[in-house]
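A structural walkthrough
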Amino acid sequence: MSMDMNESQDRALTRALDEYSEALRAERPSAELDLRLEAAITSWAAAQRSQRCGVVLCRGSWQLLLWL
Amino acid sequence: MTALTAEDAELVSRLRRGDAAAARELYQRHGAALLRFGLAMSNSRQTAEDIVHDTFIEILKHPIRFDPSRGSVVAYLFGIARHRMSRIARISMRDSGKPLELSEHELVDLDDLTDAGDELDRVRDIERVRTAVFELPRAHREVVALCDLEELPYATAASILGVPIGTVRSRLSRARALLATRLAPAEPNIEDDEEEPAVSRPGEELGVDEAALSLSCRGSLT
């Protein structure tokens, strides 16, 4: 129980917060946010791929130079 | 480490390898919880969604910063969201000279109510709680949002906030005491009623609940 509260106040507050929590749980990210995140993930994944290709190319070039 | 925590950590490992499917799954798992935290903290859907967006951009850019030895992925994500929230509050304070204000956002659409009796009372009760939580000082609002609303363990909340568990407990206790005071039904004051002028003032016709809703935020967000 919280400070300065009796048992019934504490129970009433818990009930009120539970109702608020339940209402919040009905909230979902909007379709707009889903789209923003999807665009960000796609762009990030493409950047990651090109970065990895660059690393592979770079390694390949060094190996070729060493071989020559 | 629980199975879910381990799966989350594995998703972050996959992020380090540029796995887009892992990024999507992480968002599916935690996007809604972060949105709820943003809503409780900011009371604005736009701000809450920006916080969710920025949080995931941050982990996409720097998955390496997540250290499983220091806490769970959930704690890490909420920590980023909290940091973003503080930044937004600081900017609001700097630009407008006042903390974030209670928005018009409603958790329940009044137009959707079929039964205008009990359901309307329930919605009003929720709005009163929403207002009271939003008016708490930020440190207290955080613990209510994390422990009471999101029902995270105290240890996770402590990890997110970077404070000992004892501090989480004491802040929560204080926050609940403040909420109980603010949500307590107003006691009728006979003297005030007798001295009430005949001319009505703006907002006077509102009930207690509506009057509470019309208040702007007095809580410190900085």
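You'll find the structure just up there.
Residues numbered from 1 in each chain as written. Chains lettered and ligands numbered in written order. Predicted model: local features only at pLDDT ≥ 70, side-chain atom pairs only at ≥ 80, totals over all residues. Heavy atoms only, no water.

Overview of the packing of aromatic side chains
All names here are of chain B. To keep it simple, the criterion reads: In this scheme Phe, Tyr and Trp rings, the latter by its six-membered ring, pair at centre separations within 6.5 Å, and the angle between planes marks the pair as stacked below 30 degrees, edge-to-face above 60, and tilted otherwise. Think of it this way: any DSSP run of H or I at least four residues long counts as a helix, any run of E at least two long counts as a strand, and we number them from the N terminus.
Applying the stated criterion to the full structure yields 3 aromatic pairs over all chains. On the numbers, 5.4 Å between centres and 70 degrees between planes, the contact of F37 with F78 is edge-to-face. Linking F37 in helix α2 (residues 20–42) with F78 in helix α4 (residues 73–96), this pair joins segments that are 41 residues apart in sequence.

Focus on the pattern of salt bridges
Residues and elements named next belong to chain B. Selection criterion: The salt bridge criterion pairs a side-chain nitrogen of Lys or Arg with a carboxyl oxygen of Asp or Glu, the two atoms within 4 Å.
The full count for this structure, using the stated rule, is 18 salt bridges over all chains. Of the charged contacts, one joins E58 and R65 as a salt bridge, the two residues approaching to 2.9 Å between their closest N and O atoms. Salt bridges sharing partners connect three or more residues here, namely E7, D8, E25 and R29.

Observations regarding unusual backbone geometry
Phi at N43 of chain B is positive, roughly 65 degrees, even though this residue is not glycine. Along the chain, the position of N43 of chain B falls in the loop between α2 and α3 (45–61).

Focus: the nonpolar core
Residue and element names in this part refer to chain B. For clarity, the cut-off: Take the buried residues of types Ala, Val, Leu, Ile, Met, Phe, Trp, Tyr and Cys, join any two whose side-chain atoms come within 4.5 Å, and each joined set is a nonpolar core. Burial classification: accessible surface area is computed with a 1.4 Å probe over protein chains only, and a residue below 20% of its type maximum counts as buried, one above 50% as exposed, and the rest as partly exposed. Any two residues whose heavy atoms approach within 4.5 Å are treated as being in contact.
F78 and V144 are the most contacted members of the largest nonpolar core, which totals 68 residues. Tallying contributions element by element places α2 first for this core, with 12 residues. In this structure F78 touches A33, L34, F37, L146, E150, L152 and I160, once residues within four positions along its chain are discounted.

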